[in-house]
Amino acid sequence: MPSSTGLKRTISLSTAASLVIGGVIGSGIFMRPAEMAGLLGSPVLILIAWVIAGLVTLFSAMSTAEIAAMMPETGGQYVYMKKIYGDFWAYLFGWANFAVINTAGTAAIAFIIGQYFEYFITLPRFSLVVEHSITLHIPMVGDIFPLENFGVKVFTILMLALLSLVGYFSTKLGGALQRVLTYTKVIAILFLVFGLFFSGKGSIQNFITEDAGIRPVGFALMAAMVAACNGALQAFDGYSIMLTIGGEIKNPGKNIPRSLIMGLLTCMIVYLLISAAMMYVLPVGIMAKSSLVASDATQVVFGTIGGGIIAGLICLNCLGTTNGNVFTAPRMTYAMSEKGDFFKWTGVIHKKYQTPGNGFLLHFLWMLVLVLSGSFYVLADMYIFIVWLFNLMLVAGVLILRKRMPDADRPYKVWGYPWIPILVLVFNAFYLVITMYNDIHNYTMGKSNTINSVFGIILTVIGIPFFFYFRQKKKKSVKL
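Calculation criteria
- Residues numbered from 1 in each chain as written.
- Predicted model: local features only at pLDDT ≥ 70, side-chain atom pairs only at ≥ 80, totals over all residues.
- Heavy atoms only, no water.
- Core = buried A, V, L, I, M, F, W, Y, C linked by side-chain atoms within 4.5 Å.
- Buried < 20%, exposed > 50% of the residue type's maximum accessible area, 1.4 Å probe, protein only.
- Contact = heavy atoms within 4.5 Å.
- Helix = DSSP H or I, 4+ residues; strand = E, 2+ residues; numbered from the N terminus.
- Axes fitted to C-alpha atoms, helices over the stretch in contact; angles between N-to-C directions.
- Parallel < 35°, antiparallel > 145°, perpendicular 65-115°, else oblique.
- Nonpolar A, V, L, I, M, F, W, Y, C, P; charged D, E, K, R; others polar.
- Left-handed = near helix turned anticlockwise from the far one by under 90°.
- Phe/Tyr/Trp six-rings, centres within 6.5 Å; stacked < 30°, edge-to-face > 60°.
- Lys NZ or Arg CZ within 6 Å of the ring centre and 35° of its normal.

Novice: Describe the nonpolar core, and please don't skip the residues or the numbers.
Specialist: Core analysis: the biggest nonpolar cluster contains 133 residues, and Phe30, Trp50, Tyr80, Met242, Leu260 and Tyr271 have the highest contact counts within it. When near neighbours in sequence (up to four residues on either side) are disregarded, Tyr271 contacts Val24, Ile25, Gly26, Ile29, Trp50, Ala235 and Phe236.

Novice: How would you summarise the environment of Gly174 if you had to cite specific residues and measurements?
Specialist: Checked against the element boundaries, Gly174 lands in helix H8 (residues 171-197). The exposure class of Gly174 is buried, given its relative accessible area of 0%. Excluding anything up to four places from it in sequence, Gly174 contacts Val166, Asn323 and Phe327.

Novice: Talk me through the packing of helix H7 (residues 150-169) against helix H14 (residues 357-373); I want residue IDs and the actual numbers.
Specialist: The interhelical angle for the contact between H7 and H14, taken along N-to-C directions, is 170°, at an axis separation of 10 Å. Between H7 and H14, the angle falls in the class roughly antiparallel. Contact with H7, carried on its side by Phe150, Lys153, Thr156, Ile157, Leu160, Ala161, Ser164, Gly167 and Tyr168, involves Gly357, Phe360, Leu361, Phe364, Met367, Leu368, Val371, Leu372 and Ser373 of H14 and no other residues of that element. Its residues assigned to classes, the contact of H7 with H14 comprises 12 nonpolar, 5 polar and 1 charged.

Novice: Hey, could you go over the packing of helix H13 (residues 306-338) against H14 for me, with residue numbers and the actual values?
Specialist: Contact pair H13 / H14: the axes reach a minimum separation of 8 Å and the direction vectors enclose 110°. Relative to H14, the element H13 is oriented roughly perpendicular. Of the two elements, H13 crosses H14, and the hand of that crossing is right-handed. Of the residues in H14, those touching H13 at Val326, Phe327, Ala329, Pro330, Arg331 and Thr333 are Gly359, Phe360, Leu362, His363 and Met367. Classifying every residue of the contact of H13 with H14 by side-chain character gives 7 nonpolar, 3 polar and 1 charged.

Novice: Tell me what's going on with the packing of aromatic side chains, and back it up with residues and numbers.
Specialist: What characterises a pair of aromatic rings is the spacing of the ring centres plus the angle enclosed by the ring planes. Per the stated rule, a full pass over the model turns up 25 aromatic pairs. Judged by centre distance (4.7 Å) and plane angle (20°), the ring pair of Phe117 and Phe155 falls under stacked. Taken together, the residues Phe117 in helix H5 (residues 87-117) and Phe155 in helix H7 connect sequence positions 38 residues apart. Relative accessible area serves as the criterion here: at 22%, Phe155 is assigned to the partly exposed category. For Arg331, the ring lying beneath its charged end belongs to Phe327, and the centroid distance is 4.7 Å. When the ring centre of Tyr417 is taken as origin, the NZ or CZ atom of Arg402, which lies over that ring, is 3.9 Å away.

Shown next as structure tokens:
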């Protein structure tokens with residue numbers, strides 16, 4: 001199947017799968033188990049929470065894969081939204097990805113690398129007085145300090161610049177880099193898992209011993225499981241970055257669904273192995289009280305170098321995730337420009353390198369602004385709500401397209417239709433309601449300076465005037 005854009009189909013199944021794995025596995029798996037232990041107090045329930053979150057994510061991906069196989073175009077979900085819901089919702093989704101999801105989320109992940117890199121080399125920073133000499137106040141968000149942690153910010157910008165240049169100059173090189181980073185991170189994680197399991201410094205008893213002081217019951221147990229699954233779901237987020245390059249994947253009807261399923265199953269297995277390895281070394285009660293649970297577990301086995309091992313792993317994992325986001329995100333902006341929903345110059349393919357070069361430059365410049373402003377902290381916290389809001393619409397799209405286009409060619413059909421998409425829709429709706437309730441509750445109780453989900457909606461809505469601007473430009477061009 002040829003690509004409907006000017007970009008060539010050069011991306012293989014292994015690269016697509018590595019983008020799924022690289023987009024998902026980041027720093028979350030090294031931090032979430034402690035949070036989940038504090039909520040549930042049971043090793044078995046922690047593993048069940050990972051399985052539930054993994055299956056919900058897999059079912060969601062399977063539903064999206066049906067649409068992706070029908071429309072394997074560069075731009076991914078933006079293209080699907082346009083086909084299902086029309087220009088307005090497609091544009092709003094694309095705007096949200098440019099303004100918040102792909103740029104702020106990527107900047108936040110890259111910043112984590114700079115923070116953990118300081119375990120090995122201390123990066124320079126200004127004095128506290130200088131850091132607070134420039135303050136930006138945003139209503140309902142709080143104060144941000146552009147000069148704070150300036151050395152880490154410069155490191156982050158240089159890293160984003162390097163990865164952007166790789167994608168700018170060569171799609172093949174960007175894909176190869178993603179494969180190398182993904183294979184390396186999986187091998188490193190497996191090394192850690194086997195090191196913990198075969199250290200002889202753990203106990204099988206840890207898998208069945210619960211912490212009586214934590215274990216909730218009744219409604220409290222349900223609330224704790226929802227909260228634990230929420231954290232796990234965030235750790236599984238990121239698989240959809242691969243869909244953005246659908247127009248460049250070889251044999252997309254087969255390779256898009258395969259890469260999603262292969263990638264997410266790999267992530268689920270990795271997450272279960274890491275969690276189990278930590279439990280083997282640390283009792284659940286100790287896990288619950290640990291602020292750096294992965295570091296504490298490795299220190300039991302490897303001694304003082306354990307902290308360095310975890311710092312290096314987190315840097316490696318986040319680097320793979322960052323590269324995956326930097327590599328794929330400009331494709332959606334490129335697709336929007338092709339449809340007349342964004343600035344025309346962002347839809348130009350570089351004559352020599354055959355890449356959406358201007359898109360890479362624009363995304364880098366916006367990430368630079370976010371990094372320097374420091375506002376990406378807030379944006380990274382609230383972007384997950386917007387992701388799941390649009391994800392609900394995309395899964396509903398499977399039902400809509402089955403009814404609207406019953407005879408359309410579907411190289412892949414979601415297993416268990418219509419019950420799997422309906423199950424995902426119910427879970428998504430429940431998740432969104434609970435998330436917004438918790439955000440509002442935390443804000444009213446003074447636990448948070450911002451209602452993250454509401455603020456995410458506001459930032460998305462800000463893009464609406466641009467929609468009418470670009471629509472007017474399209475009308476004028478048609479008249480001419």
